[in-house]
Amino acid sequence: ERLILRYDEKSLDSALVYLQTGIDIMGDNAQLYAGMAYVYWQYVNMGIGQEEYLRKFEVYVKKALTMKPNLSSALALFGILYLYEDYPQNLQDALRYFKKALEENPYELRALSGMVASYVAIGKPSEVYTFLDMMKQHDPLNPWQHSMRGYCYLNDCKYQLALEQTYLYYQADSLSPIAQSNYAWALASNGRRDEALAVTNRARSENIHNVQTIFYLLLKYALIKDRVSALHAITPEFKKTCWRDPEWSYAVASRLSLAGAEKEALD
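Note that residues are indexed from 1 along each chain, following the sequence as it is written. Per-residue local features are limited, in this predicted model, to residues with pLDDT of at least 70; the limit for side-chain atom pairs, both in listing and counting, is 80 or more; totals at the level of whole chains, interfaces and linings are taken over all residues. Calculation of side-chain values draws on the structure's entire complement of heavy atoms; hydrogens and water are dropped beforehand.

## Let's talk about unusual backbone geometry
Then, in step 1: Even without a glycine there, the phi angle at Q50 is positive, about 50°.
Then, in step 2: Here Q50 shows up in the loop between helix 2 (30–45) and helix 3 (51–67).
Then, in step 3: Each residue's exposure class comes from its accessible area (1.4 Å probe, protein chains only) as a fraction of the maximum for that residue type: buried when under 20%, exposed when over 50%, partly exposed otherwise. Assessed through its relative accessible area of 3%, Q50 is described here as buried. Only runs of H or I of at least four residues qualify as helices and only runs of E of at least two qualify as strands under DSSP, and these elements are numbered from the N terminus.

Shown next, in the form of structure tokens:
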């Protein structure tokens, strides 16, 4: 789970190997199939693989639910599928699957994360803290809770609290692209732009297909007011990925606005 949530392609590759090895040893297994689906979803979420991996995601999540219809992790992934396709038309279906997953397992991390993302996306960040508290209660040592809480605080305009949480996640895994991106954004939101720029300068940028990599590059260009480089960083594939995701679209718009590209930010 933690490899999958690092937003790093090499970590996803490793997770895929571990899961496939488990299937090779055990044979058909609903939980392992759900794990495979989650890996392929994260590739797509990061802007890698796209349609090919999205099809694999659907295949594995359906295999998992065929074997075990009430498997909470697979139900949560089905919610993600609905949230991703034709947003916001399918939002109610997505929420229905997340809630059903939580009925089966109140601490299902993917369902809790899905509820958080859904409420933030529709402009109700203050309603997500119950789900965040459940994450902390069930797995207090999982650094992902800090990432999700920091994300919510940023969207709730609680910038000092966001900085505290994103720093905790950055401390736990400073090489994770999402940890780098969110911590730098929290620093910038608190007016600490020199420190934010230092974080973006330290961040690795070898994988230009990863949306989080492009997010912190966009922030770097925004902080130095390099509008041209910011716009150049937005490749057609990156734009395609972000166009169908309200969370990613907001991230791009925020950084473009800071870079002085108001028209493109509004678009």
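## Quick word on the packing of helix 12 (residues 211–223) against helix 15 (residues 246–259)
Then, in step 1: Axes here refer to lines fitted to C-alpha atoms; in helices the fit is confined to the stretch in contact. Angles between the N-to-C directions go from 0 to 180 degrees. At a minimum axis distance of 7 Å, the contact between helix 12 and helix 15 shows a crossing angle of 20°. Classified by the angle their axes make, helix 12 and helix 15 are roughly parallel. Like other packed secondary-structure pairs, helix 12 and helix 15 cross with a definite hand, here left-handed. Along its contact with helix 12, which presents V211, Q212, F215, L218, L219, A222 and L223, the element helix 15 presents W248, A251, V252, R255, L256, L258 and A259.
Then, in step 2: Amino acids are sorted into nonpolar (Ala, Val, Leu, Ile, Met, Phe, Trp, Tyr, Cys and Pro), charged (Asp, Glu, Lys and Arg) and polar (every other residue, Gly among them). Broken down by class, the residue content of the contact of helix 12 with helix 15 amounts to 12 nonpolar, 1 polar and 1 charged. Oblique is the label for any angle not under 35 degrees, not over 145, and not in the 65 to 115 range, which are roughly parallel, roughly antiparallel and roughly perpendicular in turn. Throughout, a crossing is termed right-handed when the near helix is turned clockwise from the far one, and left-handed when it is turned anticlockwise from it by less than a right angle. The contact rule is simple, with two residues in contact once any of their heavy atoms fall within 4.5 Å.

## Here we look at the environment of I122
Then, in step 1: Tracing the backbone through its elements, the reader meets I122 in the loop between helix 6 (109–121) and helix 7 (129–138).
Then, in step 2: The sequence separation of I122 and T200 amounts to 78 residues, and the corresponding C-alpha distance is 29 Å.

## Remarks on the confidence of the model for the chain
Then, in step 1: Confidence of the predictor at the level of single residues is given by pLDDT, which spans 0 to 100. Of all residues in the chain, 99% attain a pLDDT of 70 or more, and the chain-wide mean is 92.
Then, in step 2: When pLDDT is averaged over each element of the chain, helix 9 (residues 159–172) comes out on top at 97 and helix 14 (residues 236–243) at the bottom at 88.

## Here we look at the pattern of salt bridges
Then, in step 1: Definition used for salt bridges: Asp or Glu carboxyl oxygen within 4 Å of a side-chain nitrogen of Lys or Arg. Taken as a whole and assessed by the stated rule, the structure comprises 14 salt bridges.
Then, in step 2: Here D8 makes a salt bridge to R6, at a shortest N to O gap of 3.8 Å. Comparing D8 with R6, the two get one shared label, buried.
Then, in step 3: Where K158 meets D156, a salt bridge forms, and the shortest distance between an N and an O atom there is 3.4 Å.
Then, in step 4: Shared partners join several salt bridges into a network, and the residues in it are E1, E108 and R110.

## Looking at the side chain of Q212
Then, in step 1: Turning to its location among the elements, Q212 is positioned in helix 12.
Then, in step 2: For Q212, a relative accessible area of 2% translates into the label buried.
Then, in step 3: In this structure Q212 touches Y7, P177, I178, S181 and W248, once residues within four positions along its chain are discounted.

## Comments concerning the packing of aromatic side chains
For any two aromatic rings, the description comes down to two numbers: the centre-to-centre distance and the angle of the planes.
Then, in step 1: Centres within 6.5 Å are what make two rings of Phe, Tyr or Trp a pair, Trp counting through its six-membered ring; a difference in plane orientation under 30 degrees is then read as stacked, over 60 as edge-to-face, and the rest as tilted. One pass over the structure, following the stated rule, counts 18 aromatic pairs.
Then, in step 2: By the ring-pair criterion, three or more aromatic residues cluster together here, those being Y7, W144, Y169, F215, F238 and W248.
Then, in step 3: A ring is considered to have a charge above it if a Lys NZ or an Arg CZ atom is located within 6 Å of its centre and within 35 degrees of its normal. Looking at R255, its charged tip hangs above the ring of W185, at a distance of 4.5 Å from the centre.

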